[in-house]
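# Working through the structure, step by step
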Amino acid sequence: MVEVLADYQLVSNRAAGIIADQIRATPRGVIGLATGGTPVGAYDRLVALHQTQGLDFSNLTTFNLDEYVGLSPDHPQSYHSFMWQHLFSHVNIRASHAHVVSGLAHDFDQACAEWEHRIEASGGIDLQILGIGSNGHIAFNEPGSTLTSRTRVVELAERTVQDNARFFDRPDEVPRTAVTMGIGTILEARRLLLMATGDHKAHAVAVALEGPVTSDVPASALQRHANVHVLLDTAAASQLNSV
Ligand code: GLP
């Protein structure tokens, strides 16, 4: 299902509403979380729902999609820090239930296998939030990632490094490798919620949703999932043929 709303604020509020409904329906459930600029508005709204309506995160478990390799969890640009800054610090989630894979593992093969096992042991992800890279990536699954890929260390595409440089003081500080859930891991979530806003995402959205399913466009894998909700603003939807 593709839903187009006028602007970022409406997309954020709608996404937060969908996430909040999921938390209310399965308070002991599992949500997959994303980072990047796109979900910040939705996280702000979830914080407001916690503060004003008592939305309860106390029994919830979360798993984040990805993390930069080489950044410690307390590095200001780590995705661990991002999640605490934008969401976890402001709601009543238990720290031990808020999982962000470490970018500093000694043995990443083992850490990735444990991560997959932990998701499975939690009962699997009920709702996975996703953004999309301007090159069509989901999480850090760059073009070329197989549709059956699992959690692993990947090299970032040059375009991704450039896109994410805005979060760092200097371009050479942007990590070039990351650990990411695989496309196969993501497709095992029971529901997917993809958010995209802005005209710089319009091309990626159009090829992902209306082009062929191909590892050249990792987000096209979503066409293989039976329960996907795509939330777009008008700008991000502007290159779609049918909405
Ligand atoms: C980042 C993240 C993705 C995110 C995407 C878009 O690199 N790894 O999970 O969806 O790129 O980011 P933004 O929302 O800032 O455009």
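Up top is the structure these notes are about.
The present account deals with the structure reproduced in this document. (Residues numbered from 1 in each chain as written. Predicted model: local features only at pLDDT ≥ 70, side-chain atom pairs only at ≥ 80, totals over all residues. Heavy atoms only, no water.)

## A few points about the site of the ligand
Among the 14 residues in the neighbourhood of the ligand, the closest are listed as G37, T38, D66, R166 and K201. The separation between an oxygen atom of the ligand and a polar side-chain atom of T38 is 2.4 Å. H137 is positioned such that a nitrogen or oxygen atom in its side chain is 3.0 Å from an oxygen atom of the ligand. Protein chains bury 95% of the 390 Å² of accessible surface belonging to the ligand in isolation. (Near = heavy atom within 4 Å. Polar contact = N/O pair within 3.5 Å; in protein donor to acceptor, adjacent residues only side chain to side chain. Areas by Shrake-Rupley, 256 points an atom, 1.4 Å probe, with all protein chains shown as cover.)

## With respect to the pattern of salt bridges
For the structure shown, the criterion picks out eight salt bridges. One salt bridge connects R14 with E3, and the closest N-O pair in it is separated by 2.8 Å. Highlighted residues: R14 in helix α1 (residues 8-25) and E3 in strand β1 (residues 2-5), separated in sequence by 11 residues. The partner of R170 in a salt bridge is D172, and the shortest N-O contact between them spans 3.1 Å. Relative accessible area serves as the criterion here: at 45%, R170 is assigned to the partly exposed category. (Salt bridge = Lys/Arg side-chain N within 4 Å of Asp/Glu carboxyl O. Helix = DSSP H or I, 4+ residues; strand = E, 2+ residues; numbered from the N terminus. Buried < 20%, exposed > 50% of the residue type's maximum accessible area, 1.4 Å probe, protein only.)

## Quick notes on the sheet that holds strand β5 (residues 98-99)
Ordered in space as β1-β10-β9-β6-β2-β3-β5, the seven strands form an open sheet in which the pairing is parallel. Both outer strands of the open sheet, β1 and β5, are each paired with one neighbouring strand and no more. Two elements, strand β3 (residues 61-64) and β5, share two bridges in a ladder whose sense is parallel. Paired with F63 across the two strands is H99, which belongs to β5. (Pairing = 2+ DSSP bridges.)

## With respect to the environment of I138
Relative to the helices and strands, I138 is located in the loop between β6 (127-130) and β7 (152-155). With 15 residues separating them in the primary sequence, I138 and G123 have C-alpha atoms 22 Å apart. The contacts of I138, once residues within four sequence positions are left out, are L130, G131, I183, I186, P218, A219 and L222. (Contact = heavy atoms within 4.5 Å.)

## Some thoughts on a nonpolar patch on the surface
On the surface, V2, V4 and V243 cluster together to form a nonpolar patch covering roughly 250 Å² of accessible area. Relative to the assigned elements, V4 resides in strand β1. (Patch = residues over 30% accessible without salt bridge, like charges linked within 9 Å, V, L, I, M, F, W, Y side chains within 5 Å.)

## Digging into the packing of helix α2 (residues 40-53) against helix α3 (residues 79-86)
Running from N to C, α2 and α3 point in directions that differ by 40°, and their axes come no closer than 9 Å. Here α3 runs oblique to α2, going by the angle between their axes. Together, V40, Y43 and V47 of α2 and F82, M83 and H86 of α3 make up the contact between the two elements. Here the contact of α2 with α3 is built from residues that sort into five nonpolar, one polar and no charged. (Axes fitted to C-alpha atoms, helices over the stretch in contact; angles between N-to-C directions. Parallel < 35°, antiparallel > 145°, perpendicular 65-115°, else oblique. Nonpolar A, V, L, I, M, F, W, Y, C, P; charged D, E, K, R; others polar.)

## Comments concerning helix α4 (residues 108-121)
Here α4 is 14 residues long and its end C-alpha atoms lie 19 Å apart, about the 20 Å a rise of 1.5 Å per residue gives. Those residues of α4 that sit buried are F108, A111, C112, W115, E116 and I119. Burial along α4 is one-sided: seen end-on, the buried residues are contained in an arc of 135°. Along α4, the residues that are exposed and aim more than 90 degrees away from the buried face are D109, H117, E120 and A121. Those residues of α4 that are buried are in contact with β3, β5, β7, β8 (177-180) and α6 (183-187). (Expected span 1.5 Å × (residues − 1). Arc of directions from axis to C-beta.)

## Some details on the packing of aromatic side chains
In the structure shown here, the tally under the stated rule is seven aromatic pairs. Arranged with centres 5.3 Å apart and planes meeting at 75°, the rings of W84 and F88 form a pair that is edge-to-face. In this structure F88 comes out as buried when scored by relative accessible area, which is 1%. (Phe/Tyr/Trp six-rings, centres within 6.5 Å; stacked < 30°, edge-to-face > 60°.)

## Description of the sheet that holds strand β4 (residues 66-68)
One open sheet holds the three strands; their spatial order is β4-β8-β7, and the pairing between them is antiparallel. Sheet topology places β4 and β7 at the edges, where each strand pairs with a single neighbour. Shown here is a sheet whose adjacent strand axes are inclined to one another by a mean of 30°, direction ignored. In this sheet, β8 lies alongside β4 in antiparallel orientation, the contact comprising three bridges. Opposite D66, over in β8, you have T180 as the bridge partner.

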